[in-house]
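# Descriptive structure summary
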Amino acid sequence: RRTTDAPPARWSKTRFLLLLLLGGLIWGASSGWVMFQQYVYSHPYFAVTDITIEAEAPFSPEDILAQSGLTRGMSVWAIDPQQVVERLLAIPGIRAAQVHREFPQQVTIHVQARRPLAIIARSTATYLDDSGAAFTLPSQHPELDLPYVTGLTEVALDSVTARAALKGVLPLLPLATVWAESLSEIHWEQQRGYTLFLAHRHLTIRLGWETAPEKFAQIGMVLARLPVVEGMSAVVDARFVNQMVVRPSLDDQGGGARTPARPL
């Protein structure tokens, strides 16, 4: 009986040629894909021509563009939006950022700035936002008319002590609206707590550590009953439970309103 089986040696050679051919196809496809990627990345059709920037004051679109690392003419494929966001968030004063690639030639950047609520008295211009974070702003921004937070000059702002102290300042800032009295300064002491100074009346309000709404309401009633007399200076001591102590006092300014040293 005759058979059609190929000799073992010939079959082994055929398998080797098939494997070699398959490897060549795989290598060719891989190198071809790399060449295709390089062609697409460098093609002028994907060169960025429009970078749209929406930035809140005090940041200008020019500031954001310089910090983003993006330039017109670069390939839109070479832009990593997350890396650009991380670069922008490293800038003090920027709270949030969004970066979007819009193929084939556009990039959009949205930047949200931190909103300063108070000035932290230090050697450099430092601000407090509504999250309790301390930050700086570009040097060209105008001076802001905000209450000062004092007592933290010698304390590192990234320490647990400073962060807790600044968090405690936040519920005190709305008192200007509640009492209809502008705040000039909020002074913090580690041993005594918070002391408030009004902007238009020579009144010192010692809160201590208790910042309950009930106490704020009691102080508001005291302020409403105190007569507004030019040159009169007084201390409202609210550190005691359910008790307000009001006494006349002359401060270091000879009866004038206290204002912190303005390092700005």
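Summarised in this report is the structure supplied together with it. (Residues numbered from 1 in each chain as written. Predicted model: local features only at pLDDT ≥ 70, side-chain atom pairs only at ≥ 80, totals over all residues. Heavy atoms only, no water.)

Once that is clear, we can look at the overall build of the chain. From N to C terminus, the chain includes six helices and 12 strands. Among the 264 residues that make up the chain, the fraction classed as buried is 34%. Just so you have it, the chain exposes about 16300 Å², and 56% of that area is on carbon and sulfur atoms. (Helix = DSSP H or I, 4+ residues; strand = E, 2+ residues; numbered from the N terminus. Buried < 20%, exposed > 50% of the residue type's maximum accessible area, 1.4 Å probe, protein only. Areas by Shrake-Rupley, 256 points an atom, 1.4 Å probe, with all protein chains shown as cover.)

The two faces of a sheet get side chains in turn, since along a regular strand they alternate between them. With five of seven residues buried, strand β10 (residues 202-208) lies mostly within the body of the structure. Looking at chain direction, strand β9 (residues 193-198) and β10 are connected through four bridges and run antiparallel. Directly across from Phe 197, in β10, lies its bridge partner Thr 204. (Pairing = 2+ DSSP bridges.)

Scanning all chains against the criterion turns up five aromatic pairs. Seen from their ring centres, Trp 77 and Phe 103 are 4.8 Å apart, and the 50 degrees between their planes marks the pair as tilted. You can see Trp 77 sitting in the loop between α2 (61-68) and α3 (81-89) and its partner Phe 103 sitting in the loop between β2 (94-102) and β3 (106-113), a full 26 residues away along the chain. What makes Trp 77 partly exposed here is its relative accessible area of 32%. Ring geometry for Tyr 127 and Phe 135: centres 6.0 Å apart, planes at 35 degrees, overall tilted. (Phe/Tyr/Trp six-rings, centres within 6.5 Å; stacked < 30°, edge-to-face > 60°.)

Moving on, we come to the nonpolar core. Ranked by size, the top nonpolar core spans 32 residues in total, and within it Leu 172, Trp 179, Ile 186, Tyr 194, Leu 196, Ile 205 and Leu 207 carry the most contacts. Those elements that place two or more of their residues in this core are β4 (118-120), α4 (160-169), β8 (183-189), β9, β10, α6 (213-225) and β11 (233-240). Residue contacts for Leu 172: discarding those within four places in its chain leaves Leu 183, Ile 186, Tyr 194, Leu 196, Leu 207, Thr 211 and Phe 216. Counting 27 residues, the second largest nonpolar core, distinct from the first, contains Ile 64, Val 84, Val 107 and Tyr 127. (Core = buried A, V, L, I, M, F, W, Y, C linked by side-chain atoms within 4.5 Å. Contact = heavy atoms within 4.5 Å.)

Pairing is mixed in the open sheet, where three strands are placed in the order β1-β3-β2. The open sheet has two edge strands with one neighbour each: β1 (50-55) and β2. Taken over all neighbouring pairs, the strand axes of this sheet differ in orientation by 10 degrees on average, direction set aside. As defined by bridge partners, β1 adjoins β3 across six bridges and the pair is classed as parallel. Within the sheet, the bridge partner assigned to Asp 50 lies in β3 and is Gln 106. Sitting on the sheet, α2 touches β1, β2 and β3, and the angle it makes with β1 is about 120 degrees. Against the sheet, α3 makes contact with β2 and β3, and its axis sits at roughly 155 degrees relative to β2, the strand it touches most. (Axes fitted to C-alpha atoms, helices over the stretch in contact; angles between N-to-C directions.)

A word on the pattern of salt bridges. Counted under the stated rule, the structure contains five salt bridges. Put simply, Asp 129 and Arg 114 hold a salt bridge, and the shortest N to O gap is 2.7 Å. You can see Asp 129 sitting in the loop between β5 (126-128) and β6 (134-135) and its partner Arg 114 sitting in the loop between β3 and β4, a full 15 residues away along the chain. Assessed through its relative accessible area of 0%, Asp 129 is described here as buried. Take Arg 114: its relative accessible area is 21%, and that puts it in the partly exposed class. The shortest N-O distance in the salt bridge between Glu 181 and Arg 201 comes to 2.9 Å. (Salt bridge = Lys/Arg side-chain N within 4 Å of Asp/Glu carboxyl O.)

The next point concerns a nonpolar patch on the surface. Together, Tyr 41, Trp 77 and Phe 103 make up an exposed nonpolar region whose accessible area comes to about 300 Å². If you trace the backbone, Tyr 41 turns up in helix α1 (residues 8-42). (Patch = residues over 30% accessible without salt bridge, like charges linked within 9 Å, V, L, I, M, F, W, Y side chains within 5 Å.)

Within α4 the residues assigned to the buried category are Ala 162, Ala 165, Leu 166, Gly 168 and Val 169. Burial along α4 is one-sided: seen end-on, the buried residues are contained in an arc of 155 degrees. Looking at the buried residues of α4, the elements they touch are β4, β5, β6, β7 (148-150), β8 and β9. (Arc of directions from axis to C-beta.)

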